[in-house]
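Structural characterization, general
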Amino acid sequence: MANLTPDLERERVKIEKAARDAGLDCFDTVFELVTYDQLNQIAAYGGFPVRYPHWRFGMEYESLSKSYEYGLSKIYELVINNDPCYAYLMEGNEFLDQKLVMAHVFGHCDFFKNNYWFSPTNRKMMDNMANHATRVRRYMDRYGVEAVENFIDLCLSLENLIDRFSPYTPKKIVEPPRSSSDEDEEQFDQQQAHRPDGRLKVHRGYMDSYINPPEFLAEQQRRMAERNERSGVFPEKPEKDVLNFLLHYAPLKPWQQDILSIVREESYYFSPQGMTKIMNEGWASYWHSKILTEKIMDDSEIIDFADRHSGTMAMSPTSFNPYKVGIELFRNIEERWNKGQFGKEWEECQDLSAKKAWDKKTGRGREKIFEVRKHYNDVTFIDEFLTEDFCVEHRMFVYKFNKRTGQYEVDTRDFKAIKKKFLFQLTNFGQPIISVVDANHNNRGELLLTHLFEGVEMQPDYMQETMKNLFAIWSRPVAVATVLDGDPKIVSFDGTEFKHQSLSNLPVGDQNKPEDPK
């Protein structure tokens, strides 16, 4: 790795000043020049120069290296969510490419620092990654490479079984059910022995109807019934953070707990990047385009810039490009808020010619996109700002392959269907939502999980391999309630074979609830 050349450093200073003048608020940003081989190594490590040793990083490096050598792909920029931010420029790239990457990086850095969904992330993760690597190497020296690497394999196969929204809610600790010898249990039992119906004690008979009205007694009886029903179930509520549950209650050795905690911590660190991919890339692309075209480039560079930019923004009708959708939505928001094309009056206007000529010159576009950058993630961003006009303009329809013609054709132009499908693909990254519902299933310490069925069944081979790895960590039979071939079932694995049991009551997503006939 090397420092920037004098020419690149001069451009970095100019680009950073232009970014800050435009309102971007970034962490200090450190740029380093690296060879293509070094860049592939860092990219294989997820953007960090040091990670714990594991074969998957070598596999990723081989894939990136061959792809670059055969001319199939090329990494232009790599930036880390850290304070300070670290970004890498590849030696040998053209001077314009380096300027474009630096402007793009400042957009990312502003997003990392100011977007709400990145606020809980560790801003010293580069140091943490190095610490993780040291700890894992220590365990490998002590317990053997094969034993530690095999356990890492198990943990990585489960790394997506987290609750991505838990960092934004108050912390809670899942407690096992207390024994009946606890003081509060004894106190409760003594109270109920005297008042089996939950009735409050009264010293005057005539006050009973006032102190214990019928609705109060009904509520007390309901609470007692719920408590009795929960007393044998742990956890009391479904737990989406499966990794955290295993970390606390699976029969793991201390070194295994530590490795599982490392995988979980890194999974939560990378989670916001998946939750904001469209916005993050769109925001960075918006600013590299604006900064370069208005402040940095000269006339001789415009054609080359247009070539690079259009290559990044290309999107065929049958594919999805987060760079293209993100930048165009931010531009659309800015234009609409500059012209006042929002609010009740705009929504209720039915005159197409009036809406086409609508311009109240409100000038709030720049303010609005900074507000959106701060508060939204991809799901809320698309849900609120994707409009029918936008879909038509950018030909965002649902396509399907026609076997007769051998071509992809428009399947539907229904905006609601398009938006619903888009949001569904973004929710939980299109992965199944799994929760722990009972850690003492069948009263034998078995682990029961449930799949929130949203109309898409889990792949049986993926499900079975995941259950095998859960069994290896839990050391007891594992079962999951899901839907297979349209039939609700509980699939269980006892370490030797899979069994299927039909089931009728499963949690069902909102889109699959029966419609009200009214």
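Reference entry: report on the structure contained in this document.

Focus on the overall build of the protein
If you tally the helices and strands in the protein, you get 21 helices and 10 strands. Among the 518 residues that make up the protein, the fraction classed as buried is 44%.

Description of the environment of Q257
In this fold, Q257 is placed in helix α11 (residues 254–275). Residues Q257 and L246, spaced 11 residues apart in sequence, show a C-alpha to C-alpha distance of 8.7 Å. Ignoring anything within four residues of it in the chain, the contact list for Q257 reads L247 and L252.

Some thoughts on the packing of aromatic side chains
For the structure on display, the rule yields 36 aromatic pairs. Taking the centre distance of 6.2 Å and the plane angle of 80° together, the rings of F48 and F270 count as edge-to-face. Highlighted residues: F48 in the loop between α2 (36–44) and α3 (55–69) and F270 in helix α11, separated in sequence by 222 residues. F270 sits in the partly exposed class, given a relative accessible area of 26%. Where W337 meets F385, the ring centres are 6.0 Å apart and the plane angle is 70°; that geometry is what we call edge-to-face. In this pair, W337 is assigned in helix α14 (residues 322–339) and F385 in helix α18 (residues 378–385), connecting sequence segments 48 residues apart. The same class applies to W337 and to F385, which are both buried. When the ring centre of W346 is taken as origin, the NZ or CZ atom of K355, which lies over that ring, is 4.4 Å away.

Quick notes on the sheet that holds strand β7 (residues 446–451)
Strands sit in the order β6-β7-β8-β9-β10 across an open sheet of 5 strands; the sheet is mixed. Two strands close off the open sheet at either side, each with one partner strand: β6 (434–441) and β10 (498–502). Taking each pair of neighbouring strands and ignoring which way they run, the sheet shows an average axis angle of 25°. Relative to β10, strand β9 (residues 487–493) runs antiparallel, the two being bridged by 5 bridges. Within β10, the residue paired with K489 across the bridge is S502. Sheet strands in contact with helix α10 (residues 242–249) are β6 and β7, and its direction is about 30° off that of β6.

Quick look at the nonpolar core
Ranked by internal contacts, the top residues of the largest apolar core, which has 58 residues, are F381 and I382. Inspection of this core shows a minimum of three residues originating in each of domain 1 (6–115 + 276–303) and domain 2 (314–427). L161, A439, M467 and I473 belong to the second-largest nonpolar core, a separate cluster that totals 45 residues.

Quick look at the environment of S73
Along the polypeptide, S73 turns up in the loop between α3 and β2 (78–80). Take S73: its relative accessible area is 35%, and that puts it in the partly exposed class.

Considering the environment of K499
Looking at the element boundaries, K499 is found in strand β10. With a relative accessible area of 45%, K499 lands in the partly exposed category. Counting along the chain gives 20 residues from K499 to A479, while the straight-line C-alpha distance between them is 9.1 Å. Setting aside residues no more than four positions away along its own chain, K499 makes contact with I490, V491, S492 and D494.

Conventions we followed
- Every residue gets a number counted from 1 within its own chain, in the order that chain's sequence is written.
- Selection of residues for local features in this predicted model requires a pLDDT of at least 70, selection of side-chain atom pairs for listing and counting requires 80 or more, and totals for whole chains, interfaces and linings are taken over all residues.
- The side-chain numbers reported here are obtained from all heavy atoms of the structure, hydrogens and water having been left aside.
- We count a stretch as a helix when DSSP gives it H or I for four or more residues in a row; a strand needs E for two or more, and each element gets its number in order from the N terminus.
- Only protein chains enter the accessibility calculation, which uses a 1.4 Å probe; a residue is then buried when its area is under 20% of its type maximum, exposed when over 50%, and partly exposed in between.
- It only takes one pair of heavy atoms within 4.5 Å for two residues to be counted as in contact.
- Working definition: rings of Phe, Tyr and Trp (its six-membered ring) pair if their centres are within 6.5 Å, and the pair is stacked with planes under 30 degrees apart, edge-to-face with planes over 60 apart, and tilted otherwise.
- Here, over-ring charges are defined by two tests on the NZ atom of lysine or the CZ atom of arginine: distance to the ring centre within 6 Å, and angle to the ring normal within 35 degrees.
- Only strands joined by at least two bridges in the DSSP assignment are considered to pair.
- The convention used is that axes are lines fitted to C-alpha atoms, helices contributing only their stretch in contact, and that angles between N-to-C directions extend from 0 to 180 degrees.
- Here, nonpolar core refers to any group of buried Ala, Val, Leu, Ile, Met, Phe, Trp, Tyr and Cys residues whose side-chain atoms link them within 4.5 Å.
- The split into domains, and so the bounds of each, comes from an automatic or database assignment of domains.

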